[in-house]
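Observations on chain architecture
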Amino acid sequence: MKALSFLRCGAVRIASALGLALAVGTVAAAQTADTGSDHAAASARLSDAFDALEAAGFTGVIGLSRDGETVFLRGAGMADAQTGRPYGPDTQVDIGSITKSYTGMLAAQLISDGTLSAELRLADVFDDVPADKADITLHQMLTHAAGFPGGVGDDLADEDFDTFLANAFAAPLMFEPGTGYAYSNVGYSLATAIMERATGQDYESLLRERLAMAGIHHTGYQTAFDGDRSVHLEDGRDVADASWGGHPPNWNLIGNGGLVSTAPDMLAWRQAWSAGELISPAARDLGQTPFQDEGGGASHYGYGLVVEDDPALGRIYWHNGGNPHFNAHWRELADHGLILFVATDQRRLNADRVVDVLTAAWFDQPWRIDPAPAASRQAVTLPETEAGQLVAGFMAALAGDADRRRAFIEARFTADMLAFAPMDQHLAMFEQIAADLGGQPVTGYEETPSQVRFTVWAQAMGGGVPIVIDTAAGEVLHIAGLQIG
């Protein structure tokens, strides 16, 4: 069974060529070093690029530092449209799967100082680990080589660690541990739980205590969260509501996603980490080792970050993340002392695209703002196929009441999907999806023998939201898996 995973944190972008290399082009490394050396001129180019991004519809916050000095920090658009509060340096944003960079940093220190072993197995920590998972190591979880699926539950559910652990142990592995690569939120949450047991501290306390060493105080989960500084959706929901479900984050998020931070915090954090001041130089070097090939040899995963060697720009470290509401990206061009951070609440000019433009502008190379095509608001007619009618039933259930949703779930979920969670959790999931998508038009549709993919227009999420339903044949077509965003 494919795990139910709606509103999951975004996975790292894996590509055969680094996006920024495509933006900058084939520029010699010596040239890029020279063109970025004049801070005043480079900052002016950044300002021009930012103005163009803002005019093209970018909303969010951007920060850039060079050799530890902040040289550019600006916000665009409203962080809270209902109060008129603009984006700025104080705005707390959801950094999504960048959370893994913090977790990998902490793990590298604990391994380096001997508190933990990279070869520690799940069976060494937890009771009753299934045989197929007993020998999975901490190192494999930190490098996405354990074989766990991307997710095993709902980020917004109000459930405890035991539920998460049972779901993780029950989930089929995608491959034999250590023989492949599959980006997984599950592995990072399990690694986080191991760190908690080894240190006797909860993850957030462990993290915030470490960050305080560098004067970083606005990054964390609920103890750092400030609703008055948080970005809000147009409907008024803040990060705690939109990304955590209106309660403290559950274990489908802890350690892998959902941290809040600010642009100044992000720049200071990466600078202190890179300099070997936040963790030891030995731990830094361990965590930044390019351990795991992500596919094709162009990029490797260390502990919570991607490591790439670009022919023009040299050694690069980065990570991104997001959910249907928010996305963010940090990047360090290590050979140039350059650190960038972007966070936004829309998709047409997402954080990945904006980082590419800013990098090109810094090095005085041609750049082009190329927003993703605007999602269509025009409703499509669903076909009179089994899959088309399944989607029609799904959308009708979202627009209906609890009884209608229950009837749909009972009739259309496979036995495995029904057994995955109690009915009240399935209904709570539908209620949350309905808050975002209920009554909205289906604006795109495609079906295959095993899946149906469609798009629903949702203004609160910045446009079209992709939905994938894994299907299983039977007397009627059933839902075997569901992913949104």
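Quick summary incoming for the structure in this document. (Residues numbered from 1 in each chain as written. Predicted model: local features only at pLDDT ≥ 70, side-chain atom pairs only at ≥ 80, totals over all residues. Heavy atoms only, no water.)

1. Quick word on the sheet that holds strand β7 (residues 292-293)
Hydrogen bonds along the backbone pair up the strands of a sheet, which may run parallel or antiparallel. Spatial strand order, β2-β1-β12-β11-β10-β9-β8-β7: eight strands in an open sheet with antiparallel pairing. Pairing within the sheet leaves two strands with one partner each, and these edge strands are β2 (69-76) and β7. Two strands pair when backbone bridges link them, and strand β1 (residues 60-66) and strand β12 (residues 338-344) are joined in this way by seven bridges, in the antiparallel orientation. Its bridge partner lying in β12, L64 is registered against L340. (Pairing = 2+ DSSP bridges. Helix = DSSP H or I, 4+ residues; strand = E, 2+ residues; numbered from the N terminus.)

2. Remarks on the pairing of strand β9 (residues 306-310)
Looking along a regular strand, one sees the side chains alternate between the two faces of the sheet. Counting buried positions along β9 yields four of five residues, so the element is predominantly enclosed. Note: strand β8 (residues 299-301) against β9, three bridges, orientation antiparallel. Residue pairing across strands places Y301 opposite V306, the latter belonging to β9. Remark: four residues form the turn of the hairpin made by β8 and β9, two consecutive strands paired antiparallel; G304 in that turn has positive phi of roughly 80°. Across five bridges, β9 lies against strand β10 (residues 314-322) in antiparallel orientation. The residue bridging V306 from the neighbouring strand is W318, located in β10. The antiparallel pairing of β9 with β10 creates a hairpin that spans three residues between the two strands. (Buried < 20%, exposed > 50% of the residue type's maximum accessible area, 1.4 Å probe, protein only.)

3. Comments concerning the pattern of salt bridges
Under the criterion given, the structure shown has 14 salt bridges. A salt bridge links R85 to D80; its shortest N-O distance comes to 3.9 Å. For D80, a relative accessible area of 7% translates into the label buried. The partner of D356 in a salt bridge is R331, and the shortest N-O contact between them spans 3.3 Å. With a gap of 25 residues between them, D356 in helix α13 (residues 351-362) and R331 in strand β11 (residues 327-333) connect regions that are remote in the sequence. The burial state of D356 is the same as that of R331; both residues are buried. Connected through salt bridges with shared partners, the residues R121, D124 and D135 form a single ionic network. (Salt bridge = Lys/Arg side-chain N within 4 Å of Asp/Glu carboxyl O.)

4. Some remarks on the nonpolar core
Y102, W269 and F341 are the most contacted members of the largest nonpolar core, which has 108 residues in total. Sequence-distant contacts of W269, that is, excluding residues within four places in its chain, are made with S101, Y102, M105, L211, I216, L278 and W330. (Core = buried A, V, L, I, M, F, W, Y, C linked by side-chain atoms within 4.5 Å. Contact = heavy atoms within 4.5 Å.)

5. Let's talk about helix α15 (residues 402-412)
Considered for burial, the residues of α15 that qualify are R405, F408, I409 and R412. Taken end-on, α15 shows its buried residues confined to a sector of 100°, consistent with a single buried face. The backbone nitrogen of D403 has a side-chain oxygen 3.3 Å away, supplied by the residue at the start of α15, namely D401. (Arc of directions from axis to C-beta. Polar contact = N/O pair within 3.5 Å; in protein donor to acceptor, adjacent residues only side chain to side chain.)

6. Looking at the packing of helix α14 (residues 386-399) against helix α17 (residues 423-437)
Two numbers describe how α14 lies on α17: the axes approach to 8 Å, and their chain directions differ by 90°. As far as their axial angle goes, α17 and α14 are roughly perpendicular. Facing α14, whose interface residues are F394, M395, A397 and L398, α17 presents F430, I433, A434 and L437. Each residue belonging to the contact of α14 with α17 can be placed in one class, and the counts come to eight nonpolar, no polar and no charged. (Axes fitted to C-alpha atoms, helices over the stretch in contact; angles between N-to-C directions. Parallel < 35°, antiparallel > 145°, perpendicular 65-115°, else oblique. Nonpolar A, V, L, I, M, F, W, Y, C, P; charged D, E, K, R; others polar.)

By themselves these figures say nothing about function.
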